[in-house]
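# Examination of the molecular architecture
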Amino acid sequence: MNKELLACDQVWLNVQPATAQCGYGLLPLHALGVKGGRIHALIPMAQLTGPFPSDWRDMGGRLTTPGLVDCHTHLIYAGSRATEFEQRLHGVPYSEIARQGGGILSTVKATREASEDELFALALPRLRALLREGVTTVEIKSGYGLTCASELKMLRVARRLGKALPVRVRTTLLAAHAVPPEYTGDADGWVEVICRDLIPQVAAEQLADAVDVFCEGIAFNLAQCERIFAAARAHGLPVKGHMEQLSSLGGSELAARYQALSVDHLEHLDAAGIAALAQAGTVAVLLPGAFYFLRETVLPPVQALRDAGVAIAVASDINPGTSPLVSLRLAMNMACTLFRLTPQEAFLGVTRHGAQALGLGETCGQLAVGMVADFLIWECHHPAELAYQVGVDQLVARVVDGRDTLGGLA
Ligand code: DI6
Ligand code: FE
């Protein structure tokens, strides 16, 4: 018997790996062994001789993939925007809704009024839904508090979610999501607070793993985003940005200059931006849920991103205003149907490239010896299934840090 396998805490036999290492990275049947929360052995079945210990689980040739990574969500918020959705369908423009105190500021008002316990309870079913479809790593942003205290409150809730459920949570400070009502006409004043007070505090308390901005005509301009990036860098925090969603301001080039982990949305990304991303190794995160829900028509430049060799990730962007779709599998499907990604690109977008967009590319998002033991065993045989079907429960095992956690999520 192979000594690497005998040294493992758990062994899964007859798995059909899609490693996400080179394309799908499909391999013949393997044995997968876990030790100390890491993948310790990945060995072709053909090289093994039985009989095997009875506690080694035989997976019967089932597809085995890395755990899914949802690298962009705003899943902590209070309130609902369902009536705003209804108003929009009756022809009331978004700008008019915003003037009546709706839109993002209505979510800010409800989120400020909610306690930490309330926000936690509201986020729990959203996060559980992601976990049940195979997400093992999720990014969660602040950005609906827009005061120091309420931004910190959101980040604490995000950390708490990561302790309460079997999922790797990465938190992102998105205080530059919208100009708070108290700073109307004085976005610079709020940026000053973010740089002077918030970033140092979240860095000191290790409440955020990255800093994000919304670089847009209706949000923050390039100079303001750059101030925030510089403050983040000074405190050792990596940056990312909501860039080129509704217009092309050059946010992606700015982000690339700050070695951003990712730039996200990108419908209006231009050639100079693409070249900058390629050079910096910044991941392009596509968010088809927001494109769909806003009925956008300008597509992100997928072919040009491919040609430039930019890594493409796909995420859900779960938020109450522009992407209230709580499913990464649906986002994968939409990335294919709406943006013409291939199922293989969608697969890599929620595994290897999703992990890279969170700065976790060295440890997460692939099946390989030494990686964290986050993996999924599916009741299907080809990874194209993951982007193809939506709404079906196909998980047989959901392993996080080497522990099968599926039973606890039922
Ligand atoms: N872009 C978006 O699409 C969301 N945030 C962002 O920066 C909108 C969030 C909301 O409307 O609540
Ligand atoms: Fe977003």
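This text goes with the structure placed above it.
Residues numbered from 1 in each chain as written. Chains lettered and ligands numbered in written order. Predicted model: local features only at pLDDT ≥ 70, side-chain atom pairs only at ≥ 80, totals over all residues. Heavy atoms only, no water.

## With respect to the overall build of the protein
When helices and strands are tallied, the protein shows 16 helices and 15 strands. By the compact-globule yardstick of 22 Å for 410 residues, the protein fits well, its C-alpha radius of gyration being 21 Å. In terms of principal-axis extent, the alpha carbons of the protein reach across some 75 × 45 × 45 Å. By the burial criterion, 57% of the 410 residues in the protein qualify as buried. (Helix = DSSP H or I, 4+ residues; strand = E, 2+ residues; numbered from the N terminus. Rg over C-alpha atoms; globule rule 2.2 N^0.38 Å. Buried < 20%, exposed > 50% of the residue type's maximum accessible area, 1.4 Å probe, protein only.)

## Things to note about the coordination of the iron ion (ligand 2)
On the protein side, the iron ion (ligand 2) has H72 (NE2), H74 (NE2), H242 (NE2) and D317 (OD) as donor atoms, found 2.1 to 2.4 Å from it. Taken together, the four donor atoms coordinating the iron ion (ligand 2) span angles of 81 to 168 degrees at the metal, a pattern that classifies the geometry as irregular. (Donors = N, O, S within 2.8 Å, 3.2 Å for Na, K, Ca; no water. Tetrahedral: all angles 85-135°; square planar, octahedral: opposite > 155°, others 65-115°.)

## Side note on the nonpolar core
Taken as a class, soluble globular proteins show a tendency for nonpolar side chains to be buried jointly. The biggest cluster of nonpolar side chains holds 99 residues, and the ones touching the most others in it are L75, I76, V138, L161, L173, V202 and I228. Top element by residues in this core is helix α7 (residues 187–204). It accounts for nine residues. Of all hydrophobic cores here, the second largest spans 15 residues; its members include V15, A368, F375 and V399. (Core = buried A, V, L, I, M, F, W, Y, C linked by side-chain atoms within 4.5 Å.)

## Thoughts on the sheet that holds strand β14 (residues 395–400)
Pairing is mixed in the open sheet, where seven strands are placed in the order β3-β2-β1-β4-β13-β14-β15. Here the strands that pair on one side only, and so sit at the sheet edges, are β3 (38–44) and β15 (403–404). Across six bridges, the pairing between strand β2 (residues 30–35) and β3 is antiparallel. Along β3, the bridge assignment pairs G33 with A41. (Pairing = 2+ DSSP bridges.)

## Description of the packing of aromatic side chains
Scanning all chains against the criterion turns up eight aromatic pairs. An angle of 20 degrees between the planes, with centres 5.9 Å apart, marks the rings of F52 and W56 as stacked. By relative accessible area, which is 30% here, F52 ends up partly exposed. A relative accessible area of 12% places W56 in the buried class. Taking 5.8 Å as the distance between ring centres and 45 degrees as the angle between the ring planes, the aromatic pair formed by Y183 and W190 counts as tilted. (Phe/Tyr/Trp six-rings, centres within 6.5 Å; stacked < 30°, edge-to-face > 60°.)

## Brief notes about the layout of surface pockets
Approximately 650 Å³ is the volume attributed to the largest pocket. Taken together, 28 residues line the largest pocket, and the ones lying closest to its centre are Y94, I104, H177, F214 and I218. Contributing elements (two or more residues each) for the lining of the largest pocket: α3 (94–99) and α4 (104–113). Tallied by class, residues from the lining of the largest pocket come to 13 nonpolar, twelve polar and three charged. Reported here for the second largest pocket is a volume of approximately 210 Å³. Taken together, F85, R88, L89, Y292, F293, L294, R295 and L325 form the lining of the second largest pocket. Here the lining of the second largest pocket gets three residues from one element, more than from any other, and that element is helix α2 (residues 82–89). (1 Å grid on protein atoms, 1.4 Å probe; cavity = no way out; pocket = protein on both sides within 12 Å on 5 of 7 lines; lining within 4 Å. Points joined across faces, edges and corners; volume = space filled by probe spheres on them. Nonpolar A, V, L, I, M, F, W, Y, C, P; charged D, E, K, R; others polar.)

## Re the pairing of strand β8 (residues 210–214)
The two faces of a sheet get side chains in turn, since along a regular strand they alternate between them. For β8, a buried count of five out of five residues is recorded, marking the element as mostly surrounded by other parts of the structure. Burial along β8 is two-sided: A210, D212 and F214 and V211 and V213, pointing in opposite directions, are all buried. One ladder, built from three bridges, connects strand β7 (residues 168–176) with β8; its direction is parallel. Bridging from a neighbouring strand, A176 pairs with V213 of β8. Once you follow β7 into α7 and on to β8, the crossover reads as right-handed. As for the winding sense of the linkage, the β-α-β connection from β8 through helix α8 (residues 222–234) to strand β9 (residues 239–243) is right-handed. (Right-handed = clockwise from strand over helix to strand, strands pointing away.)

## Side note on helix α13 (residues 328–337)
In terms of burial, α13 is a largely internal element, eight of the ten residues being buried. Restricting attention to buried positions, one finds in α13 the residues L328, R329, A331, M332, N333, M334, A335 and C336. For α13, the N-terminal cap is S327; the gap from its side-chain oxygen to the backbone nitrogen of R329 is 3.4 Å. (Polar contact = N/O pair within 3.5 Å; in protein donor to acceptor, adjacent residues only side chain to side chain.)

## Things to note about the environment of P200
Here P200 lies in helix α7. Once you skip the residues sitting within four places of it in the chain, P200 turns out to touch I194, C195 and H235. (Contact = heavy atoms within 4.5 Å.)

## A word on the site of ligand 1
R81, Y94, I104, Y144, H177, F214, H242, Q245, H265, N319, G321 and T322 make up every residue found near ligand 1. Side-chain polar atom of R81 to an oxygen atom of ligand 1: 2.9 Å apart, as the coordinates give it. One of the side-chain nitrogen or oxygen atoms of Y144 is found 2.6 Å away from an oxygen atom of ligand 1. Here ligand 1 occupies the largest pocket. Grouping the amino acids of the shell around ligand 1 by side-chain chemistry returns four nonpolar, seven polar and one charged. (Near = heavy atom within 4 Å. Sits in = over half its atoms within 2 Å of the grid points.)

## Description of the sheet that holds strand β11 (residues 283–286)
The eight strands are arranged β5-β6-β7-β8-β9-β10-β11-β12 in an open sheet whose pairing can be described as parallel. In the strand order of this sheet, the two ends are held by β5 (68–70) and β12 (312–314), each with one partner. For this sheet, the mean angle separating the axes of adjacent strands, direction not counted, is 25 degrees. Sheet analysis places β11 next to β12, joined by three bridges and oriented parallel. (Axes fitted to C-alpha atoms, helices over the stretch in contact; angles between N-to-C directions.)

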